[in-house]
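Structure assessment
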Amino acid sequence: MNRYMERIYNGVIKENPTIILMLGMCPTLAVTTSAINGLGMGLSTLAVLIFSNMIISMMRNIIPDQVRLPAYIVIVASLVTVVDLIMQAYVPGLYSSLGIYIPLIVVNCIILGRAEAYANKVSPDLAIMDGIGMGLGFTISLTVIGLVREFLGSATLFGKALPELCKPIAIFVKAPGAFLVMAVLVAVLNAAHIKTAANKKVEGCDGCCASCSKMCNSDAKEETKA
Amino acid sequence: MNTSLIMIIITTALVNNVVLSQFLGICSFLGVSKQIKTSASLGGAVIFVMAISSAVANLLYTYLLAPLHLEYLNTIVFILVIATLVQMVEMFLKKTSPAIYQALGIYLPLITTNCAVLGVAITNVQDGYNFIQSVTAGVGTAIGYTIAIILLAGIRERIDESNIPAPFRGAPVVLLSAALMAIAFMGFGNLAL
């Protein structure tokens, strides 16, 4: 396996951002009410991630270390604005169903996380492949979670009605369904002894952006004191 | 006018609860809800930051972006303003009131990346709220966040002592508790407002 394919494998399977690293929980829970929404959100994030990784990697020797986070935020926010405008123009239906979660790609931990952990250390070609891998991993997870919720909650797949087997369980496409599906998913991963961010001591905010780490550390310190 | 402000508070805090029905700020909701005390401090910090950031975002939008027809730049402007603002609030509190800083300080950097803060600023613009309505919505949302995280912390303190099947220990049981809370909060959706 060459190093480009290794990046894709890493993003989709080994360090899948949603299932293994547990990053970007907000969009994962919020937009997976249908497979189409999950796919749309995943692809928009994929687009932002590829370009943000590329630009940050190309500028890694120009951006001074002290102001790197604000610089990354500006780059990511500009890209998100571009994606926002393109989606508004060409896919208005999807745009309105994803709503506020499109501008909120800016604060998606995956993007700043990859910039900080990988893209600012390597050459642009590897950074782009990493963006594709991580973005695909995110897209696939969101689409699959969306499929499950859509199937259980409205008995359709990608918007196509299925022959009526039983009554749809509407709660799965409402807010509680998102938490339920995630809970069962993580429990299954735990039962299969797959190492995820969830079975480590600091769950939830592990690796989530630069500023979270400070919080996690102080939390850990408090625990050792008590 | 007064009734509509009360309605904004009820809607943002209970009906459209920011965590349990909008899924914003999940990261800190799951990560920092181990103890009621820390959750309450985080909630306090969120209320503080959201009130200020909604106010500033509204002023910027009304007096800078709208007159220059730069509305499409709101994402960039808001995230930068919020990040800077949180830094400044942190420095200001450190200088002026060390007691509050002791209680809220460590949570402030965490809030910068809390998508709920940016979410509220953008929602306010989309809903066309004026200055007072924006601040009210910011405070209401933050109160909703505080209620949710304190309730979850309460549940988690109890869960700690019970015997849970091994695969469900840790994150899954927390997510399940959140699911049950979300079901309870769905009841507010039927309020006739």
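Values in this document were obtained by computation on a predicted structure and should not be read as measured data.

Quick look at the overall build of chain B now. From N to C terminus, chain B includes nine helices and zero strands. Tracing chain B from N to C terminus, the helices and strands come up as α-α-α-α-α-α-α-α-α. On the principal axes, the C-alpha backbone points of chain B span a range of 60 × 45 × 30 Å. For chain B, the proportion of its 193 residues judged to be buried stands at 48%.

The subject of this paragraph is the overall build of chain A. A tally of regular secondary structure across chain A gives nine helices and two strands. Order of helices (α) and strands (β) in chain A, N terminus to C terminus: α-α-α-α-α-α-α-β-β-α-α. Considering chain A as a whole, with its 226 residues, one finds that 46% of them fall into the buried category. By sequence separation, contacts in chain A at least 24 residues apart represent 73% of the contacts at least 6 residues apart.

With phi around 50°, F158 of chain A is a residue other than glycine that occupies positive phi space. As for its placement among the helices and strands, F158 of chain A is situated in the loop between β1 (156–157) and β2 (160–161).

Before going further, it helps to spend a moment on the interface of chain A and chain B. Across the contact, 43 residues belong to chain A and 39 residues belong to chain B. Listed by contribution, the elements that provide at least two residues to the side of chain A that touches chain B are α2 (25–31), α4 (68–90), α8 (175–191) and α9 (209–225) of chain A. A total of 11 residues in the side of chain A that touches chain B trace back to one element, the largest contributor, which is α8 of chain A. Considering only residue class, the side of chain A that touches chain B consists of 32 nonpolar, seven polar and four charged.

This part is about the nonpolar core. In terms of nonpolar packing, the biggest core is built from 111 residues, with V76 and F179 of chain A together with L118 and L175 of chain B touching the most fellow members. Each of two domains, domain 1 (34–162) and domain 2 (164–193) of chain B, supplies a minimum of three residues to this core.

All names here are of chain B. Across its 16 residues, helix α9 (residues 171–186) extends 22 Å between first and last C-alpha, which sits within 8% of the 22 Å expected from 1.5 Å per residue. Counting buried residues along α9, 12 of its 16 residues qualify, which places the element largely inside the surrounding structure. When we look at burial in α9, the residues that qualify are A171, P172, V173, V174, L175, L176, S177, A178, A179, M181, A182 and F185.

Attention now moves to helix α7 (residues 124–154) of chain A. Residue pairs spaced three or four apart in an α-helix point in one direction, given the helix's 3.6 residues per turn. In this model, α7 of chain A (31 residues) spans 43 Å end to end at C-alpha, consistent with the 45 Å of a helix rising 1.5 Å per residue. Immediately beyond the C-terminal end of α7 of chain A, within one or two residues, lies A155 of chain A, with a positive phi of roughly 55°.

Further remarks concern the packing of helix α3 (residues 35–58) of chain A against α7 of chain A. Residue and element names in this part refer to chain A. At their nearest, the axes of α3 and α7 sit 8 Å apart, and the two run at 165° to each other. Between α3 and α7, the angle falls in the class roughly antiparallel. Remark: the crossing between α3 and α7 carries right-handed chirality.

Another aspect to go through is the domain arrangement of chain B. All names here are of chain B. By the assigned domains, chain B splits into domain 1 (34–162) and domain 2 (164–193). Computed from C-alpha atoms alone, the centre-to-centre distance between domain 1 and domain 2 is 23 Å. Taken together, the contact between domain 1 and domain 2 spans seven residues of the former and six residues of the latter. Here the residues of the side of domain 1 that touches domain 2 are counted per class, giving five nonpolar, one polar and one charged.

Take the environment of V181 of chain A next. Residues and elements named next belong to chain A. For V181, the location among the structural elements is in helix α8. For V181 and L126, which are 55 residues apart along the polypeptide, the C-alpha to C-alpha distance reads 34 Å. Apart from the residues lying within four places of it in its own chain, the contact partners of V181 are I145, V148, R149 and F172.

We now examine the confidence of the model for chain B. Low pLDDT marks stretches whose predicted atomic positions should not be read closely. Mean pLDDT for chain B: 86, with 95% of residues reaching 70 or above. Ranking the elements of chain B by mean pLDDT puts helix α6 (residues 108–112) of chain B last with 70 and helix α8 (residues 131–159) of chain B first with 93.

α9 of chain B packs onto α8 of chain A with a crossing angle of 165° between their chain directions and a minimal axis gap of 8 Å. The orientation of α8 of chain A with respect to α9 of chain B, classified from their angle, is roughly antiparallel. In terms of crossing hand, the pair formed by α8 of chain A and α9 of chain B is left-handed. Contacts between α8 of chain A and α9 of chain B involve A175, P176, F179, L180, M182, A183, V186, A187 and N190 of chain A on the former and, on the latter, A171, P172, L175, L176, A178, A179, A182, I183 and M186 of chain B. Among the residues forming the contact of α8 of chain A with α9 of chain B, the class breakdown is 17 nonpolar, one polar and no charged.

Summarising the element assignment, V106 of chain A is placed in the loop between α5 (92–98) and α6 (109–117). V106 of chain A sits in the buried class, given 25 other C-beta atoms within 10 Å. In this structure, V106 of chain A is in contact with V76, A77 and V80 of chain A together with T75, I79 and L118 of chain B, ignoring residues within four places of it in sequence.

As for its position among the elements, Q102 of chain B is in helix α5 (residues 98–104). Residue classification places Q102 of chain B among the exposed positions, given that 12 C-beta atoms sit within 10 Å.

Here we come to the confidence of the model for chain A. All names here are of chain A. Chain-level pLDDT for chain A is 83 on average; 87% of the residues reach the 70-or-more range. Of all helices and strands in chain A, the one with the weakest mean pLDDT is α9 (38), whereas α3 scores best (94). Across residues 201–226 the pLDDT falls below 50, and counting only partners more than four positions away or on other chains, this stretch makes 45 contacts in the model.

What counts and what doesn't
Residues numbered from 1 in each chain as written. Chains lettered and ligands numbered in written order. Predicted model: local features only at pLDDT ≥ 70, side-chain atom pairs only at ≥ 80, totals over all residues. Helix = DSSP H or I, 4+ residues; strand = E, 2+ residues; numbered from the N terminus. Buried ≥ 20, exposed ≤ 12 C-beta atoms within 10 Å, placed from the backbone. Contact = placed C-beta atoms within 7 Å. Nonpolar A, V, L, I, M, F, W, Y, C, P; charged D, E, K, R; others polar. Core = buried A, V, L, I, M, F, W, Y, C linked by C-beta atoms within 7 Å. Domains from an automatic or database assignment. Expected span 1.5 Å × (residues − 1). Axes fitted to C-alpha atoms, helices over the stretch in contact; angles between N-to-C directions. Parallel < 35°, antiparallel > 145°, perpendicular 65-115°, else oblique. Left-handed = near helix turned anticlockwise from the far one by under 90°. pLDDT = per-residue confidence, 0-100.

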